[in-house]
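Reading the structure
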Amino acid sequence: MAVLNDEQAMLRDMAREWAANESPFTAWRALRDAETGAGFDADAWQAMSGMGWAGIMVPEEHGGSDFGWMSAGLVVEELGKVLAASPIIGVTIAAWAIAQGDSDEAKARHLPALASGETIAALAVDEGPRHAPGKIGAKVENGKLTGSKGFVADAAEAGIFIVAATDGLWLVEKGEGVSVAGRVLADRRSHGEVVFDAAPATRLGDAAMAEQMLDRARILTACEMLGMAQHLFDTTLDYLKQRVQFNQVLATFQALQHRMADLFAEIASMRAAVEGGLEALDSRRRVPQAACIAKARANDVLNLMSREAIQLHGGIGMTDEYPVGDYLKRARVLENRWGSSAFLRDRFAGLAGY
Amino acid sequence: MATTAEPAAQVSESAFREDVRAFIQSNFPPELKGTSNALASVESGAGESEPQRQWREAMGSRGWGTPTWPAEYGGGGLSRREAAILQEELAKAGAYNPIQGMGVMMFGPTLLEYGSEAQKKEHIPPICRGEIRWCQGYSEPNAGSDLANLQTSAVDKGDHYLVNGQKTWTSGGQWADKCFCLVRTDRADKHKGISFLLIDMDAPGVEVRPIRMISGMSPFCETFFTDVKVPKANLVGEEGQGWTIGKRLLQHERTNLSGGNAMGRLGGPTLGELAKMYRETDEHGQLADRVLRDRIADFEIRWAAFLLTARKAAEESKAQGGVSEISSVLKKAGTKLGQERAELSIEIMGLQGLGWEGEGFTAAELAGVRTWLFGKATTIYGGSTEIQNNIIAKRVLGMLDHQ
Ligand SMILES: Cc1cc2nc3c(=O)[nH]c(=O)nc-3n(C[C@H](O)[C@H](O)[C@H](O)COP(=O)(O)OP(=O)(O)OC[C@H]3O[C@@H](n4cnc5c(N)ncnc54)[C@H](O)[C@@H]3O)c2cc1C
């Protein structure tokens, strides 16, 4: 556990308590099974915003708290534990991009609405089913953006899009020249194909800034994955301590003790890597490397943990009623977001010059 | 001797091959070409189409769905060599064996070994014709890996048993006609108190509740028995012999599960072909992503070695007239590789390989997600990987508990 200041510790405790009481796994399940197509519960998002979570990266002068990345990461991790559906990652990253960006008008217009939870933002970068920031075709001509983006999270709900184009980052409001078609992935959240057809766009920054934004998205996504892995580990351990076979609890079998000890070590490594990412962001030191380390570890450990959780639960883990399957499905979607491990290892090697 | 026998064998082999070809030619409905109903029996209760029914009846009438079973009970009565020829010709024609399920995979072979003459005459022919669906009533809420802890009781009432208790994870229970069940006839002895009983699923007092699985389907059930009367004629073997018979059946189950058919590749593309569909290739037609190419080749080499291991185990078992030691690794090795294949497949496709429903995905992509999720069960059922490891360590390697 990272060393937290009082403010951060309070925020984490508050998020933990809220998640457990107001947004337990059953809340996600109710949303999923209502089959309304909504990616998250709008009232729950209002409640989260009311506690200030939407504005963690919004400067105080625009209605946010400017608490920093560690704070944002702590909240996202707690939400990940209960599989709470929310647009918090997109909103937080978008707020950063707008706050860093070139347009004062955009700051005044969008930051307060993001902080209050009124506006949802979505990140539109990749154009295919895999993360490929080197292959962006979306173009801006005379302030109009044209191109299509694949599997954009919360696209249906979003009021604004932060869009990567060939020459950098742009902001596009939903409306003229923007159309969204929903895509249902195994995680049953909201995703969409977004087509921009000469949509009016506001410039936020250059391609280097787009890269910086992706590093932030990688680290914050890794926080959600950390929460998921931690939860899977905890529930698996609890289960092994309860389930009796051969007249003894499963936890007494050495083969399973060693499996859990290995997973414990892996999750410790994942946590250190993810928290290291947040620290790098707050101190602005070696961020690209830290992002690769955080997300690659998150991908690999959550992948392993999600497989082991099912296996160690036995038959009950295969049932839809039990939560583990939803974590597995969400895990694979997030593993693909902002870089698979293969992508991140390649990037890491490239950054180090080999 | 051998020199004169060989040509004769070859003559009869080629005559048999001709017969098979002619049979397929005149009986296999061309519209079924390239399809398979192999998953249907596991994952859904989907009904048969008319051509599917015709094909099943044709194969059943020859006994070729169960080619090596004795002809007197409705099997094909073929030699292993002939069965292999049949398999080859079916594959060449894009046809499949329509007679599947637990009756074929595990119950039939067990009944042929342990059943009475009357039981074989009654139960084997409908299995050979693919008319009766069987389900497996082994597991209970507190008897999973520790199967012998089962509590469902069968009390002797003179001409019948009265059965009470609960089974769970009963695959296909809601579509099955009959259930082969392990029940407790004696509370005093954990293993010797178990008997092997055949129960009609439509008997009064049998109730099933489907359970939804993470893949979205409900292919298995909780099964409740409340004062179900089961005729004594339905006891297989003797009272108390159930553990021996039940374990023999599990061996058949494991052999089938490790055979590669449950491994998520039912005639679909290989990983290499899949990758070429979804990823870029270079000017030589090779995958541009060399790391991915290396991982696929690594997988395929281990898969090829697995198939060789399985073949070797079969040959050794035949030569020794018993089960080869290496057979014990097949289930865990095959299912592990099957899961790896599924994980690699969805990784190759990226988010396109994680579609759940609706627009934007092909039927194959949506089915692939289910295969990936359902495949997680293969290392749990039929004796989990951990239980296989215990068996290998203790029985094969002699690594016993310190006494
Ligand atoms: C899709 C599916 C279909 C099934 N179909 C059928 C069916 O048709 N009929 C039927 O009767 N049953 C069926 N089963 C049940 C299956 O056989 C059981 O799930 C299996 O025996 C494991 O039991 P369990 O689920 O109670 O897990 P548990 O026995 O509780 O095991 C939980 C975990 O602990 C491990 N473990 C247990 N004991 C030990 C030990 N001594 N040492 C080390 N590790 C150990 C297990 O390997 C597993 O990882 C099915 C299961 C599934 C998932």
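Criteria and cut-off values
Starting afresh in each chain, residues are numbered from 1 along the sequence in its written order. All chains are assigned letters beginning with A, and all ligands numbers beginning with 1, in the order in which they are written. Local features in this predicted model are restricted to residues of pLDDT 70 or higher, and side-chain atom pairs are both shown and tallied only at a pLDDT of 80 or more, whereas totals for entire chains, interfaces and linings draw on every residue. The basis for the side-chain values is all heavy atoms of the structure; hydrogens and waters are excluded. Note that domain bounds follow an automatic or database assignment of domains. The contact rule is simple, with two residues in contact once any of their heavy atoms fall within 4.5 Å. Put simply, buried area is the surface a 1.4 Å probe can reach on two separate parts but cannot reach once they are joined, added for both. Think of it this way: any DSSP run of H or I at least four residues long counts as a helix, any run of E at least two long counts as a strand, and we number them from the N terminus. For every residue, the accessible area obtained with a 1.4 Å probe (protein chains only) is divided by the maximum for its type, and the residue is called buried under 20%, exposed over 50%, and partly exposed between those limits. Pairs of N or O atoms are called polar contacts if they sit within 3.5 Å, as long as, within protein, a hydrogen donor faces a hydrogen acceptor (for residues adjacent in sequence, only side-chain-to-side-chain pairs). Axis lines are fitted to C-alpha atoms, over the contacting stretch for helices. Their N-to-C directions set the angle, which ranges from 0 to 180 degrees. Throughout this description, any angle smaller than 35 degrees is read as roughly parallel, any larger than 145 degrees as roughly antiparallel, any in the 65 to 115 degree range as roughly perpendicular, and the remainder as oblique. Here a crossing is taken to be left-handed if its near helix is turned anticlockwise relative to the far helix by less than a right angle, and right-handed if that turn runs clockwise. Each residue is assigned to one class: nonpolar for Ala, Val, Leu, Ile, Met, Phe, Trp, Tyr, Cys and Pro, charged for Asp, Glu, Lys and Arg, and polar for all the others, Gly among them. We define a salt bridge as a contact between a side-chain nitrogen of Lys or Arg and a carboxyl oxygen of Asp or Glu at a distance within 4 Å. Stacked, edge-to-face and tilted are the three classes for Phe, Tyr and Trp ring pairs, Trp counted by its six-membered ring, which pair at centre distances within 6.5 Å; planes under 30 degrees apart are stacked, over 60 edge-to-face, the rest tilted. Note on criteria: charge over ring means Lys NZ or Arg CZ within 6 Å of the ring centre, with the direction from the centre no more than 35 degrees off the ring normal. Whether a residue is near a molecule or strand is decided by its heavy atoms; if any one of them lies within 4 Å of it, the residue is near. Reported accessibility uses the Shrake-Rupley method at a 1.4 Å probe radius. Residues are deemed covered only where the shown protein chains occlude them. Only buried residues count toward a nonpolar core. Its members are Ala, Val, Leu, Ile, Met, Phe, Trp, Tyr and Cys residues joined through side-chain atoms within 4.5 Å. A residue's pLDDT is simply how confident the predictor is in it, with values from 0 to 100.

**Some words on the domain arrangement of chain B**
All names here are of chain B. Split by domain assignment, chain B resolves into domain 1 (13-128), domain 2 (134-241) and domain 3 (258-396). Between domain 2 and domain 3, the C-alpha centre-to-centre distance is 32 Å. Tallying the contact residues gives seven residues for domain 2 and six residues for domain 3. Interface of domain 2 and domain 3: buried area, both sides summed, is about 510 Å²; carbon and sulfur atoms make up 79% of it.

**Comments concerning the side chain of Asp146(B)**
Within the fold, Asp146(B) resides in the loop between strand S1 (134-137) and strand S2 (153-156). Since its relative accessible area comes to 3%, Asp146(B) is described here as buried. From its side chain, Asp146(B) meets the backbone nitrogen of Phe246(A) in a polar contact 2.8 Å long. Excluding anything up to four places from it in sequence, Asp146(B) contacts Gln245(A), Phe246(A), Asn247(A) and Lys190(B).

**Re the packing of helix H1 (residues 6-22) of chain A against helix H4 (residues 69-81) of chain A**
All names here are of chain A. Axis separation between H1 and H4 bottoms out at 9 Å; the angle between their running directions is 20°. Relative to H4, the element H1 is oriented roughly parallel. The way H1 lies across H4 gives a crossing that is right-handed. Seen from H1, the contacting residues are Gln8, Leu11, Arg12, Ala15, Arg16, Trp18 and Ala19; seen from H4, they are Met70, Ser71, Leu74, Val75, Glu78, Leu79 and Lys81. Across the contact of H1 with H4, the residue classes break down as eight nonpolar, two polar and four charged.

**Points about the domain arrangement of chain A**
Residue and element names in this part refer to chain A. Under the domain assignment used here, chain A contains domain 1 (6-116), domain 2 (121-205) and domain 3 (210-351). Using C-alpha coordinates to define each centre, domain 1 is positioned 21 Å away from domain 3. Each partner contributes to the interface: domain 1 provides 21 residues, whereas domain 3 provides 27 residues. A buried area of about 2,000 Å², summed over both sides, lies between domain 1 and domain 3, and 65% of it is on carbon and sulfur atoms. Between glutamate 77 and arginine 271 there is a salt bridge whose closest N-O contact spans 2.8 Å. Where domain 1 meets domain 3, there are nine residue pairs in polar contact (both at pLDDT 80 or more).

**Concerning the packing of aromatic side chains**
Counted under the stated rule, the structure contains 20 aromatic pairs over all chains. Ring plane angle 35° and centroid distance 6.1 Å describe the contact between Phe233(A) and Phe264(A), whose orientation is recorded as tilted. Placement of the pair is Phe233(A) in helix H7 (residues 207-242) and Phe264(A) in helix H8 (residues 254-283), with a sequence separation of 31 residues. Of the residues examined, Phe233(A) reaches a relative accessible area of 7% and is grouped as buried. The exposure class assigned to Phe264(A) is exposed, which follows from its relative accessible area of 56%. Ring geometry for Phe107(B) versus Phe196(B): centroids 6.5 Å apart, planes at 5°, classification stacked. Here Phe107(B) is found in helix H5 (residues 102-114), whereas its partner Phe196(B) is found in strand S5 (residues 194-200), with 89 residues between them in sequence. The buried category is assigned to Phe196(B), whose relative accessible area is 1%. Every member of this aromatic cluster is reached through a ring pair, and the members are Phe16(B), Phe23(B), Phe28(B), Trp55(B), Trp64(B) and Tyr96(B). Of note, Arg62(B) hangs over the ring of Trp64(B), and the distance from its end group to the ring centre comes to 4.7 Å.

**Here's the deal with the pattern of salt bridges**
As enumerated under the stated definition, the model contains 57 salt bridges over all chains in all. Asp320(A) is the salt-bridge partner of Arg212(B), the closest N and O atoms lying 3.5 Å from each other. Of this pair, Arg212(B) sits in the loop between strand S6 (206-211) and strand S7 (220-231) while Asp320(A) sits in the loop between helix H9 (287-313) and helix H10 (324-336), each in a different chain. Residue Arg212(B) is classed as partly exposed on the basis of its relative accessible area, which comes to 41%. Notably, a salt bridge pairs Glu57(B) with Arg53(B), separated by 2.9 Å at the nearest N-O pair. With a gap of four residues between them, Glu57(B) and Arg53(B) both fall in helix H3 (residues 50-62), about one helical turn apart.

**Thoughts on the site of the ligand**
The ligand sits among 29 residues. The nearest are Arg243(A), Ser139(B), Ser145(B), Ser384(B) and Glu386(B). The backbone of Gln311(A) places a nitrogen or oxygen atom 2.7 Å from an oxygen atom of the ligand. Within the contact set of the ligand, an oxygen atom lies 2.6 Å away from a side-chain nitrogen or oxygen of Ser384(B). Burial of the ligand by the protein amounts to 95% of the accessible area it has alone, namely 970 Å². Only H9 of chain A together with strand S3 (160-171) and helix H12 (385-396) of chain B provide two or more residues apiece to the shell around the ligand. Tallied by class, residues from the shell around the ligand come to 15 nonpolar, 12 polar and two charged.

**Considerations on the nonpolar core**
Ranked by internal contacts, the top residues of the largest apolar core, which has 136 residues, are Trp53(A), Leu145(A), Phe161(A), Ile162(A) and Phe196(A). Ranked by residue count, the leading element in this core is H7(A), at 16 residues. In contact with Ile162(A), not counting residues within four places along its chain, are Ala94(A), Ala97(A), Ile98(A), Ala122(A), Leu123(A), Ala124(A), Leu169(A), Trp170(A), Leu171(A), Leu204(A) and Met213(A). Of all hydrophobic cores here, the second largest spans 44 residues; its members include Leu111(B), Leu182(B), Ile245(B) and Leu249(B).

**Description of the environment of Ala9(A)**
All names here are of chain A. Looking at where alanine 9 falls in the secondary structure, it is placed in helix H1. We classify alanine 9 as partly exposed; its relative accessible area is 23%. On a C-alpha basis, the gap between alanine 9 and serine 71 in space is 8.7 Å, while along the polypeptide they are 62 residues apart.

**What about the confidence of the model for chain B?**
Residue and element names in this part refer to chain B. When the pLDDT values of chain B are averaged, the result is 91; 92% of them are 70 or greater. The low-confidence segment residues 38-43, where pLDDT is below 50, has 16 contacts with residues more than four positions distant or belonging to other chains. Contacts of residues 260-265 to residues separated by more than four positions or lying in other chains number 16 contacts, the stretch itself having pLDDT below 50. Two summary scores accompany this predicted model of the complex, namely pTM at 0.94 and ipTM at 0.96.

**As for the interface of chain A and chain B**
Between chain A and chain B, the residue contacts involve 36 residues of the former and 42 residues of the latter. Together, the buried faces of chain A and chain B total about 3,300 Å²; carbon and sulfur atoms form 60% of this surface. It is Arg130(A), Gln311(A) and Met318(A) in chain A that bury the most area against chain B; as a group they hold 20% of the surface buried on that side. Along the contact surface separating chain A from chain B lie four salt bridges.

**Examining the environment of Gln87(B)**
All names here are of chain B. By the element assignment, glutamine 87 lies in helix H4 (residues 80-92). Relative accessible area serves as the criterion here: at 48%, glutamine 87 is assigned to the partly exposed category. Each C-alpha atom of the pair glutamine 87 and asparagine 97 lies 8.3 Å from the other, and the pair is 10 residues apart in sequence.

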